[in-house]
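Fold and contact review
If you want the building blocks of each chain, they are given just below.
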Amino acid sequence: MLVLDQPCHFSADQLLARLRRGGQRVAKATVYNTLSLFSCRGLIREIAVDPTRLMYDSTTTPHHHFYNAETGELTDIDPAELQVSRLPALPSATEAESVEILIRIRPSKGA
Ligand SMILES: [Zn+2]
């Protein structure tokens, strides 16, 4: 049911719309449940772009994003373009597993 032929970001609703445009009769709950399952299995990643909106990423390794709240578009940032040079002291008995930065963007005023 899922066609992830290239790295992509999408929401459950976008996927549902795409499937329905392709003529598939699929229930919204099925799409949500399948995405949740795929995410649990590590086949896709969930990215909470804001508290009410979850996006999915076919690239499962940690990486950084731009998120355009106006268009809902999530874009990968070239890892060479963003380097985290200093982390705060971690809570005791923990180690950093990954660092992922989400930069929220919007059209510049006057654009
Ligand atoms: Zn991504």
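To be clear, the structure that these remarks concern was listed above.
An account of the accompanying structure is given in this report.

So, how was this worked out
- Numbering of residues starts from 1 in each chain and follows the order in which that chain's sequence is written.
- At least 70 in pLDDT is required for a residue's local features to be given in this predicted model, at least 80 for side-chain atom pairs to be given and counted, and no such filter applies to totals for whole chains, interfaces and linings, which use all residues.
- Axis definition: a line fit to C-alpha positions, over the contact stretch in the case of helices; interaxial angles, taken between N-to-C directions, run 0 to 180 degrees.
- Starting at the N terminus, helices and strands are each numbered in turn, a helix being any DSSP run of H or I of at least four residues and a strand any DSSP run of E of at least two.
- Put simply, angles under 35 degrees are roughly parallel, angles over 145 are roughly antiparallel, angles from 65 to 115 are roughly perpendicular, and the rest are oblique.
- Each crossing is labelled by how the near helix is turned from the far one, with a counterclockwise turn of less than a right angle marking it left-handed and a clockwise turn marking it right-handed.
- Placing a C-beta atom from the backbone of each residue, one calls two residues in contact when those atoms lie within 7 Å.
- When residue character is reported, Ala, Val, Leu, Ile, Met, Phe, Trp, Tyr, Cys and Pro are called nonpolar, Asp, Glu, Lys and Arg charged, and the others, Gly included, polar.
- Under the definition applied here, buried Ala, Val, Leu, Ile, Met, Phe, Trp, Tyr and Cys residues are grouped into a nonpolar core through C-beta atoms within 7 Å.
- Counting other C-beta atoms within 10 Å of each residue's C-beta, where C-beta atoms are placed from the backbone, gives the exposure class: buried for 20 or more, exposed for 12 or fewer, partly exposed between.
- Pairs of strands are assigned from DSSP output, requiring at least two bridges between the strands.
- How far a helix is expected to stretch is found by multiplying one less than its residue total by 1.5 Å.

1. What to know about the packing of helix 1 (residues 12–21) against helix 2 (residues 28–40)
Two numbers describe how helix 1 lies on helix 2: the axes approach to 10 Å, and their chain directions differ by 125°. Considering the angle they form, helix 1 stands oblique to helix 2. Of the two elements, helix 1 crosses helix 2, and the hand of that crossing is right-handed. Only Lys28, Val31, Tyr32 and Leu35 of helix 2 make contact with helix 1, whose side of the interface consists of Ala12, Leu15 and Leu16. Tallied by class, residues from the contact of helix 1 with helix 2 come to six nonpolar, no polar and one charged.

2. Here's the deal with the nonpolar core
By size, the foremost hydrophobic cluster in this structure holds nine residues: Phe10, Leu15, Val31, Leu35, Ile44, Val49, Met55, Tyr56 and Tyr67. Those residues within four positions of tyrosine 56 in sequence are excluded, and the remaining contacts are His9, Phe10, Leu35, Ile44, Arg45 and Glu46.

3. Considering the sheet that holds strand 6 (residues 102–105)
Taken in spatial order, the three strands line up as 5-4-6 in an open sheet, and their pairing is mixed. Across the chains shown, the open sheet's two edge strands, defined by having one partner strand only, are strand 5 (73–76) and strand 6. In this sheet, adjacent strand axes meet at a mean angle of 25° when their direction is disregarded. Here strand 4 (residues 65–68) runs beside strand 5; their pairing, made up of four bridges, is antiparallel. By the bridge assignment for strand 5, phenylalanine 66 is matched with threonine 75.

4. Remarks on helix 2
Over its 13 residues, helix 2 extends 19 Å from the first C-alpha to the last, a length consistent with the 18 Å expected when each residue adds 1.5 Å. At the exit of helix 2 stands glycine 42, carrying a positive phi of roughly 80°.

5. Digging into the sheet that holds strand 1 (residues 9–11)
Pairing within the open sheet is antiparallel, and its three strands lie in the order 1-3-2. Sheet topology places strand 1 and strand 2 (45–50) at the edges, where each strand pairs with a single neighbour. Pairwise comparison of adjacent strand axes, ignoring direction, gives a mean angle of 35° for this sheet. As defined by bridge partners, strand 1 adjoins strand 3 (residues 53–57) across three bridges and the pair is classed as antiparallel.

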